[in-house]
Amino acid sequence: MPADVKIAPSWKEKLQSEFEKPYFTHLIEFVKSEYQTQTVYPPGKEIFNAFDHADFDQVKVVIIGQDPYHGPGQANGLCFSVHEGIPLPPSLKNIFKEIQSDLGKPFPKNGDLQRWADQGVLLLNATLTVRASAPGSHQNKGWEEFTDAVIRTISQQKKNVVFLLWGAYAQKKGEIIDRSKHLVLMSPHPSPFSADRGFFGNKHFSKTNGYLKSNGLKEIDW
């Protein structure tokens, strides 16, 4: 594994074979040169934030996003999440609206979803870095292969995990999940362009907790 990749020990052990593949070496070289020559998000130390807060053994829920936010100060290494003090992006606002309608919980004070990650929710973007103001700029460089390996590892080595797949991109990425031992919940994306077509009212948060409870696992405090 390249020395400059800092990732939680439980994940390091599970993903060791990925770190040794040529594509990952090329990916890290690309990412390093981008950080040296461009403005890139999230900050380098937060690239693997999703893994650092949701230990492999603790993962109970996986939410799949696409790209980190590409505006200043937004991305913090957790999909859909923003740092405290940053205005809520539209998709995140809609996620909180659905939680409010599904579970009766009030809007939180901020959009930092670390509190979910610390309970075993892996907030995984398909691509873990992005150039400022250039959505998709780090796609097809190797991140997708790496995050596919993450999803496959969870699917194969764990059971009773809930996968929330919002939108066509996440659903395609989730085709490798073994549905015989995990719960896969799918709906349109929470973006304002699609939330009204079935994200609102999907009740994914109560369904997730119901499934966890029925399998003897602690529910998520959304």
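A. Examining the sheet that holds strand S6 (residues 183-187) more closely. Spatially, S3-S2-S5-S6 is the arrangement adopted by the four strands of the open sheet, whose pairing is parallel. Two strands lie at the open edges of the sheet, namely strand S3 (121-125) and S6, each paired on one side alone. Each adjacent strand pair in this sheet contributes to an overall mean axis angle of 20°, direction not counted. The sheet contact formed by strand S5 (residues 162-166) and S6 spans five bridges and is parallel. Bridge pairing links leucine 164 to leucine 185 in S6. The strands touched by helix H6 (residues 143-157) within the sheet are strand S2 (61-65), S3 and S5, with S3 carrying the most contacts at an inclination of about 150°.

B. Expanded view of the layout of surface pockets. Its boundaries defined by the atoms lining it, the largest pocket holds a volume of some 460 Å³. Lining of the largest pocket is provided by 27 residues; of these, Gln66, Asp67, Tyr69, Phe80 and His189 occupy positions nearest its centre. When contributions to the lining of the largest pocket are tallied by element, the ones reaching two or more residues are S2, helix H4 (90-103) and helix H7 (168-173). Among the residues forming the lining of the largest pocket, the class breakdown is 15 nonpolar, 11 polar and one charged.

C. Molecular detail of the environment of proline 106. Within the secondary structure layout, proline 106 lies in the loop between H4 and helix H5 (114-117). Given the relative accessible area of 64%, proline 106 is considered exposed. Along the primary structure proline 106 and glutamate 175 are separated by 69 residues, whereas in three dimensions their C-alpha atoms are 33 Å apart.

D. Local environment of the pairing of S5. The buried fraction of S5 amounts to five of the five residues, a majority that puts the element mostly inside the structure. Residues of S5 alternate between two faces, with Val162, Leu164 and Trp166 on one and Phe163 and Leu165 on the opposite face, all of them buried. Direction of pairing for S2 relative to S5: parallel, over a ladder of three bridges. Considered in S5, the bridge of valine 62 is made with phenylalanine 163.

E. The nonpolar core, seen in detail. Core analysis: the largest hydrophobic core is formed by 65 residues, its most contacted members being Trp11, Phe51, Ile63, Trp116, Leu122 and Phe146. Ranked by residues supplied to this core, first place goes to helix H2 (residues 22-37) with six residues. Not counting residues within four places of it along the chain, the set of residues in contact with phenylalanine 51 comprises Ile7, Ala8, Trp11, Leu122, Leu124, Leu128, Phe146 and Val150.

F. Molecular detail of helix H8 (residues 204-214). Those residues of H8 that fall on the buried side of the exposure criterion are His204, Phe205, Thr208, Asn209, Tyr211 and Leu212. Along the axis of H8, the buried positions cluster into a sector of 160°, meaning they face one direction only. H8 presents Lys213 and Ser214 as exposed residues on the side facing more than 90 degrees away from its buried surface. Buried residues along H8 sit against S2, H4, H5, S5 and S6. Taken from the residues just after H8, glycine 216 is the one with a positive phi, measuring 75°.

G. The pattern of salt bridges, seen in detail. One pass over the structure, following the stated rule, counts five salt bridges. As a salt-bridge pair, aspartate 148 and lysine 173 come within 2.7 Å of each other at their nearest N and O atoms. Remark: lysine 173 occurs in helix H7 and aspartate 148 occurs in helix H6; sequence separation between them is 25 residues. Across the pair glutamate 175 and lysine 172 runs a salt bridge whose closest N-O atoms are separated by 3.9 Å. By relative accessible area, which is 56% here, glutamate 175 ends up exposed. Taking relative accessible area as the criterion, lysine 172 reaches 58% and is therefore assigned exposed.

Analysis parameters
Residues numbered from 1 in each chain as written. Predicted model: local features only at pLDDT ≥ 70, side-chain atom pairs only at ≥ 80, totals over all residues. Heavy atoms only, no water. Pairing = 2+ DSSP bridges. Helix = DSSP H or I, 4+ residues; strand = E, 2+ residues; numbered from the N terminus. Axes fitted to C-alpha atoms, helices over the stretch in contact; angles between N-to-C directions. Contact = heavy atoms within 4.5 Å. 1 Å grid on protein atoms, 1.4 Å probe; cavity = no way out; pocket = protein on both sides within 12 Å on 5 of 7 lines; lining within 4 Å. Points joined across faces, edges and corners; volume = space filled by probe spheres on them. Nonpolar A, V, L, I, M, F, W, Y, C, P; charged D, E, K, R; others polar. Buried < 20%, exposed > 50% of the residue type's maximum accessible area, 1.4 Å probe, protein only. Core = buried A, V, L, I, M, F, W, Y, C linked by side-chain atoms within 4.5 Å. Arc of directions from axis to C-beta. Salt bridge = Lys/Arg side-chain N within 4 Å of Asp/Glu carboxyl O.

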